Amino acid sequence: AVGTHTVTYTAIDDCGNTSSMSYRITVQDETDPVAICDQFATVSIKTNGYTEVTASAIDDGSFDECGAVTLKVRRMEDPCSFGHDTAWYDKVGFCCLDANTTRMVQLLVTDKGGNTNICMV
């Protein structure tokens, strides 16, 4: 398991004499999680001219061998906003300016160790 552990070895000879030595071992997760995006996603704009897509909606089973992952999403380009925003969010918005276009979205997958991986849809 990830963390710092103490391992103690004890040796016993034929006369019953013992000697022990302890070691501290640190186990770290240095492997990136596996990011798996949907191959394609179709977004429908609502009647108010706006809709949102969550990070989990474009995830297609991302995982990490050491436990749970968190998901964040961002747009590669965003004609709906007043500036280029490169921050990661739980969800991203789409507006009428996106209608009948193809827009790239990135999914950021982060494991408990802080390792990350990205896929795009």
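Residues numbered from 1 in each chain as written. Predicted model: local features only at pLDDT ≥ 70, side-chain atom pairs only at ≥ 80, totals over all residues. Heavy atoms only, no water.

Participant: Is there a simple way to explain the overall build of the protein chain in this structure?
Facilitator: Within the protein chain, the regular secondary structure consists of 1 helix and 7 strands. Relative to the 2.2 N^0.38 estimate, which gives 14 Å for 121 residues, the radius of gyration of the protein chain is 24 Å and therefore markedly larger than a compact globule would have. For the protein chain, the spread of C-alpha atoms along the principal axes amounts to about 85 × 25 × 20 Å. Per-residue burial for the protein chain yields a buried fraction of 26% across its 121 residues. Contacts in the protein chain between residues far apart in sequence, at least 24 positions, make up 52% of those at least 6 positions apart. Within the protein chain, the 17 negative side-chain charges are centred at a point lying 11 Å from the centre of the 8 positive side-chain charges. (Helix = DSSP H or I, 4+ residues; strand = E, 2+ residues; numbered from the N terminus. Rg over C-alpha atoms; globule rule 2.2 N^0.38 Å. Buried < 20%, exposed > 50% of the residue type's maximum accessible area, 1.4 Å probe, protein only. Contact = heavy atoms within 4.5 Å. Lys, Arg positive; Asp, Glu negative; His and termini not counted. Charge placed at Lys NZ, Arg CZ, Asp CG, Glu CD.)

Participant: Sorry if this is basic, but what is going on with the pattern of salt bridges here?
Facilitator: For side chains of opposite charge, pairing can occur when their charged atoms come near one another. Applying the stated criterion to the full structure yields 6 salt bridges. With a shortest N-O distance of 2.7 Å, Lys 72 and Asp 90 are connected by a salt bridge. One end of the pair, Lys 72, is in strand E4 (residues 69–75); the other, Asp 90, is in the loop between E4 and strand E5 (91–95), with 18 residues separating them in the sequence. The partly exposed category is assigned to Lys 72, whose relative accessible area is 30%. Residues joined in a network through salt bridges with shared partners are Arg 75, Glu 77, Asp 78, Asp 98 and Arg 103. (Salt bridge = Lys/Arg side-chain N within 4 Å of Asp/Glu carboxyl O.)

Participant: Looking at this structure, I do not really get the side chain of Gln 106. What am I missing?
Facilitator: Summarising the element assignment, Gln 106 is placed in strand E6 (residues 105–111). Here Arg 74 takes part through its side chain, which lies 2.7 Å from a polar atom of the side chain of Gln 106. Apart from residues no more than four positions distant in its own chain, Gln 106 is found in contact with Lys 72, Val 73, Arg 74, Met 76, Trp 88, Ile 118, Cys 119 and Met 120. (Polar contact = N/O pair within 3.5 Å; in protein donor to acceptor, adjacent residues only side chain to side chain.)

Participant: Honestly, unusual backbone geometry in this entry has me stumped. Any pointers?
Facilitator: Across residues other than glycine, the phi torsion is negative in most instances, and most of the peptide bonds are trans. Unusually for a residue other than glycine, Asn 100 sits at a positive phi of about 60 degrees. On the basis of relative accessible area, Asn 100 is assigned to the exposed category, the value being 85%.

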